[in-house]
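# Report on the structure
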Amino acid sequence: MLLFGFSLTGFTLSFPWKLEKNFEEVTGTPPFMDYPVGVVVDSAKGFFWVSDWGNNRVLAFNREGKLLKSITGLQGPVGLALSDGKLFVVEQKGNQVKVFDAEKLNLITSLKPEKSSFREPRGIWIDGAGTVYVADTGNSRIVVFGPSGREVVSLGKEGMGDGEFYYPRGITIDREGQIWVVDTAHNCVQVLSKEGKFLFRFGKEGEDEAGFRHPRYIFIQGDFVFISDYRNHRVKIYDRKGSLVAMIGGKEGVGEFEFSYPEGLWVDEEGILWVADAGNNRVKAINVSFLLQPKKYLLSLLENGAEGDFFALWERLSPQEKKDPEVGELAFRFFQKQGDLDGMITQAEELFLNDEARRSTWRKTLGELYYLKGKNLRKSGNIENARDLYAKAFRHGYFRSLFPLAWLSFLLMGGSNILLLILALLLLVLLLVFYRLKVYRRRWSRW
């Protein structure tokens, strides 16, 4: 595991990226990929497709890297998409989108614009309704096809204005139907409404954290936007407002978290980022689940006994994230496993404030914890603080603390002298009772 950190102005973020696997060799002829560009994951069947651009083929692997299927004889395959049992392959050199049966691999149809031809298209996305969006790169536009395969509309044109592009490549649609376009030669990302109206853009040319150098492809998972920053040899991660969250890479190389001209991206349901590391002729699978599913990831660390990693990552959460009741309960369990009573009390106090649904449960837990802490302090001779904790335990409904609370309160009020006085009074009362009984016996004996 690597804690990959970077600095932004004013704060530092760290994320536990983990390399799952590099896919390089192919069991077949030729035995290696040559500049892979597109990648798409079929989570239901447990394998992924790669467009092997230099070898003019598309390959399907299982997650162990075994070659399952291949489609050969293509013309520069780049962008890929899966929809309704069909595999869509953008042919850069063929100026078309070929549609195959994903099981039998037979060609079903081809998509081409009706009004004007494609010119070296690159990216593709298919929304939930079956609408197909293709980045017609050479024509600097987006061509939209309906589910029937007929052209519906063309968005954008070459230019410098909002909603105008220059060699767009990646495209995706978010859950609101907004269209995200990687405007490659303008080194930015433009976001359009579902009707194609310009909304906003972010990015500029540069090698710094805010810059892009010919960005390529884009993928949105949850609230995070993943973009391959081609000539900066990195993958940048943004929120859906266009603010930078994290980066992976940045230096060309063959290391675990290094790339050489990354192209296509996919993030599957398990939180694995798949990157077509084109210049290194491989596909990288990187676990980014902590970013996407932090609670699930923290739970797995706790259950697998990786308590050191758990605490290191939990400490890096923001104060707001720590207030999440599910995260807070995980932290409580961590301190419980450590036998850290103070840590348990701190977390239970936070949960008592933040977990409205289980406030009564945490009130009871706090009562027990205060009692235990008070008991420890009493044994060490810290009577005053012990009394205060017994009082807090009693206020939180732990009535077992009443007697030690009363006793310590009594002692702190000079109880040793008072006790002697009380004992003397009790003895006097007993003597009086004894005397009265003796008098009554004498009277009864006369009768």
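## Section: the sheet that holds strand β10 (residues 96–101)
Read across the open sheet, the 4 strands follow the order β8-β9-β10-β11; overall the sheet is antiparallel. The open sheet has two free edges, formed respectively by β8 (77–83) and β11 (107–111), since each of these has just one partner strand. Sheet twist, expressed as the mean angle between neighbouring strand axes with direction ignored, is 20°.

## Description of the packing of aromatic side chains
Across all of its chains, the model carries 28 aromatic pairs by this definition. Relative to W274, the ring of F23 lies with its centre 5.7 Å away and its plane at 20°, an arrangement referred to as stacked. Taken together, the residues F23 in strand β3 (residues 18–23) and W274 in strand β27 (residues 272–277) connect sequence positions 251 residues apart. In this structure F23 comes out as buried when scored by relative accessible area, which is 4%. Cation over ring: K93 sits above W53, and NZ or CZ is 4.8 Å from the ring centre. Lying across the ring of W314, K322 places its NZ or CZ 4.2 Å from the centre.

## Considering the side chain of N62
Turning to its location among the elements, N62 is positioned in strand β6 (residues 57–62). A residue is classified by how much of its surface remains accessible, and N62, at 16% relative accessible area, is buried. Here E64 takes part through its backbone nitrogen, which lies 3.0 Å from a polar atom of the side chain of N62. One polar contact links the side chain of N62 to the main-chain amide nitrogen of K66, over a distance of 2.8 Å. In this view, N62 contacts F23, G46, F47, F48 and L68; residues no more than four positions away in its chain are not counted.

## Here we look at the side chain of K98
Mapped onto the elements of the fold, K98 is located in strand β10. Sequence-distant contacts of K98, that is, excluding residues within four places in its chain, are made with L74, L87, F88, V89, E91, L107, T109 and S110.

## Details of unusual backbone geometry
The backbone of N56 sits at a positive phi, close to 55°, despite the residue not being glycine. In this structure, N56 sits in the loop between β5 (47–52) and β6. Look at N56 and you get partly exposed, because its relative accessible area is 26%. Positive phi, normally seen in glycine, also occurs at D84, with a value near 55°. In this fold, D84 is placed in the loop between β8 and β9 (86–91). Exposure remark for D84: the relative accessible area of 70% places this residue in the exposed category.

## Points about helix α8 (residues 383–395)
At 3.6 residues per turn, the α-helix brings residues three or four places apart onto the same side. In this model, α8 (13 residues) spans 18 Å end to end at C-alpha, consistent with the 18 Å of a helix rising 1.5 Å per residue. For α8, the set of buried residues is A386, L389, Y390, A391 and A393. Elements in contact with the buried residues of α8: α7 (359–379) and α9 (402–412). Remark: G397 follows α8 within two positions and exhibits a positive phi of approximately 90°.

## So, the pattern of salt bridges
Per the stated rule, a full pass over the model turns up 26 salt bridges. Measuring nitrogen to oxygen at the nearest pair gives 3.4 Å for the salt bridge that ties R387 to D388. Look at R387 and you get partly exposed, because its relative accessible area is 25%. In this structure, a network of salt bridges that share partners links the residues D174, R175, E176, D223 and R240.

## What to know about the pairing of strand β15 (residues 151–155)
Inspection of the sheet shows strand β14 (residues 141–145) paired to β15 by 4 bridges, in the antiparallel sense. Paired with F145 across the two strands is E151, which belongs to β15. Counted between consecutive antiparallel strands, the loop separating β14 from β15 contains 5 residues, among which G149 sits at a positive phi close to 95°.

## Description of the confidence of the model for the chain
For the chain, the mean per-residue pLDDT works out to 90, and 92% of the residues sit at or above 70. Across residues 1–13 the pLDDT falls below 50, and counting only partners more than four positions away or on other chains, this stretch makes 35 contacts in the model.

## Here we look at the packing of α8 against α9
Between α8 and α9, the least distance of the axes is 9 Å, while the angle of their chain directions is 145°. As for the relative orientation of α8 and α9, their crossing is left-handed in sense. Between α8 and α9, the contacting residues are I383, E384, A386, R387, Y390, A391 and F394 on the first element and L402, P404, L405, L408, S409 and L412 on the second. When grouped by side-chain class, the residues that make up the contact of α8 with α9 number 10 nonpolar, 1 polar and 2 charged.

Rules of the game
Residues numbered from 1 in each chain as written. Predicted model: local features only at pLDDT ≥ 70, side-chain atom pairs only at ≥ 80, totals over all residues. Heavy atoms only, no water. Pairing = 2+ DSSP bridges. Helix = DSSP H or I, 4+ residues; strand = E, 2+ residues; numbered from the N terminus. Axes fitted to C-alpha atoms, helices over the stretch in contact; angles between N-to-C directions. Phe/Tyr/Trp six-rings, centres within 6.5 Å; stacked < 30°, edge-to-face > 60°. Buried < 20%, exposed > 50% of the residue type's maximum accessible area, 1.4 Å probe, protein only. Lys NZ or Arg CZ within 6 Å of the ring centre and 35° of its normal. Polar contact = N/O pair within 3.5 Å; in protein donor to acceptor, adjacent residues only side chain to side chain. Contact = heavy atoms within 4.5 Å. Expected span 1.5 Å × (residues − 1). Salt bridge = Lys/Arg side-chain N within 4 Å of Asp/Glu carboxyl O. pLDDT = per-residue confidence, 0-100. Left-handed = near helix turned anticlockwise from the far one by under 90°. Nonpolar A, V, L, I, M, F, W, Y, C, P; charged D, E, K, R; others polar.

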